[in-house]
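Per-entry structural report
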Amino acid sequence: MARLLCLLGVVFASVLHSPAHAAPYPTRTVEIIVSYGAGGSTDFVARAVAQKLSERLGQPFVVLNRPGASGTIGINTAMRAKPDGYTLYVGYTSETVVGPQISKTATYSAVDDFEPIAITGLVPVVLIVSKNVKADNLKDFIAEVRANPGKYTYGGSVGSPPHIMGAWMNKVRGLDVRHVPHRGGMQGVTDTAGGHIDMFYGGTAVVKPAIDSDSVKPLAVTGDGRSSALPNVPTFREAGVPEFDLASWNVMLAPKGTPADIVATVKAETLRALDDPKMRAALAAQGVESSQTQDVRAFLISERDKFGRSVRELNIRMGE
């Protein structure tokens, strides 16, 4: 009996002095950082997912927009956050895999400095042109541009997918279209509709209103198949430029070191949200497609290498 009492005392003491058992996650508000302002595809995806996570996990998931410096302010803020599951990040192609390859000041890596959670959406990019352009299809537009070297312009912030895509099209089709730096997608669409620039590569969510209002002409869309939001717009392959294989997307990440059980919980609930029929319909209406893979790390490495090839061949640099 004495031995039993002694053993119980030891156990009781160890319980008193051990850390309290962690409460089920989450117990308070979770912040989801986005590197861009409201209205774009990244913000739309983040808010749609946040709403579902709030409903499923019983605590508010709120989106914090941290725009600036080509997306690097937001992603750096997320990277430096405490890895406790209460800061998440929804990133876009530009700052996630392109920025570190073209900027000497970008010292982060989406692959090495974050925990992968989910590919939250593929965002097809549409080549739109001004109504001042005579051509109504990509083949005729290429011919029109070739006949007028240096006359046409395209927009896009430095190092963004629109910038890289415009430069890549110049390379693969031997065109001479001048780049005009823009602050973001909405400005690019507005300036194309107003005839201030001749062409722009914009995400479907951003360009669709201008297309629907007949303010611009869509010529081609990225991806293996046509966008469900723009079924009448041919893919670049269908339009005769099969080597145009760059695209854009969104991913959800957590700071490196976030506990594996929390990452697993957020991943499971995020994938469940993305598979919800109403959610899929809402995203599809904005031109955001579902990913066929959820191997986020392998996906990021593949996209990093693909865009890396392009920026090296194009010699694109930021801040120089």
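Now for a description of the structure that goes with this document. Everything numeric here is computed off the predicted structure, so don't read it as measured data.

Here 5 bridges tie strand β1 (residues 30-34) to strand β2 (residues 61-65), and the two strands are oriented parallel to one another. Across the sheet, V34 pairs through a bridge with N65, a residue of β2. Following the chain from β1 across helix α2 (residues 41-57) to the adjacent parallel β2, one finds a crossover that is right-handed.

As a further point, take the pairing of strand β9 (residues 217-221). Counting buried positions over the 5 residues of β9 gives 4, a clear majority of the element. Both strand β5 (residues 125-129) and β9 contribute to a ladder of 4 bridges, which runs antiparallel. Residue pairing across strands places L127 opposite A220, the latter belonging to β9.

Mapping V45 onto the fold places it in helix α2. Overall, V45 belongs to the buried group, its relative accessible area being 0%. Excluding its chain neighbours within four sequence positions, the residues that come into contact with V45 are T120, N250, L283 and V288.

A pair can form between side chains of opposite charge whenever their charged atoms are brought close. Under the counting rule described, the total for this entry stands at 15 salt bridges. Notably, a salt bridge pairs K52 with D276, separated by 3.6 Å at the nearest N-O pair. Here D276 lies in the loop between α9 (260-274) and α10 (277-285) and K52 lies in helix α2, a separation of 224 residues in the sequence. For D136, the salt bridge goes to K217, with nearest N and O atoms at 3.1 Å.

With that settled, consider the packing of α2 against α9. Interhelical geometry of α2 versus α9 gives an angle of 115° and a closest axis separation of 9 Å. The interaxial crossing formed by α2 with α9 has right-handed handedness. Where α2 approaches α9, its residues V49, K52, L53, R56 and L57 are matched on the opposing element by T265, V266, E269, T270, R272, A273 and L274.

Here we take up α2. Taking 1.5 Å per residue, 17 residues should reach 24 Å; α2 reaches 24 Å between its end C-alpha atoms and fits that length. One or two steps after α2, the chain reaches G58, where phi turns positive at roughly 80°.

A few words now on unusual backbone geometry. With the exception of glycine, most residues fall at negative phi, and the peptide bonds are largely trans. For the peptide bond that leads from Y25 to P26, omega is -5°, which places it in the cis range. Position of P26 among the secondary structure elements: in the loop between α1 (2-17) and β1. For S70, which is not a glycine, the phi torsion comes out positive at approximately 55°. Secondary-structure assignment places S70 in the loop between β2 and α3 (72-79). Phi angles above zero are rare outside glycine, and N315 is one such case at about 55°. When you line up the elements, N315 lands in the segment after α11 (296-314).

What counts, and where the lines are drawn
Residues numbered from 1 in each chain as written. Predicted model: local features only at pLDDT ≥ 70, side-chain atom pairs only at ≥ 80, totals over all residues. Heavy atoms only, no water. Pairing = 2+ DSSP bridges. Helix = DSSP H or I, 4+ residues; strand = E, 2+ residues; numbered from the N terminus. Right-handed = clockwise from strand over helix to strand, strands pointing away. Buried < 20%, exposed > 50% of the residue type's maximum accessible area, 1.4 Å probe, protein only. Contact = heavy atoms within 4.5 Å. Salt bridge = Lys/Arg side-chain N within 4 Å of Asp/Glu carboxyl O. Axes fitted to C-alpha atoms, helices over the stretch in contact; angles between N-to-C directions. Left-handed = near helix turned anticlockwise from the far one by under 90°. Expected span 1.5 Å × (residues − 1).

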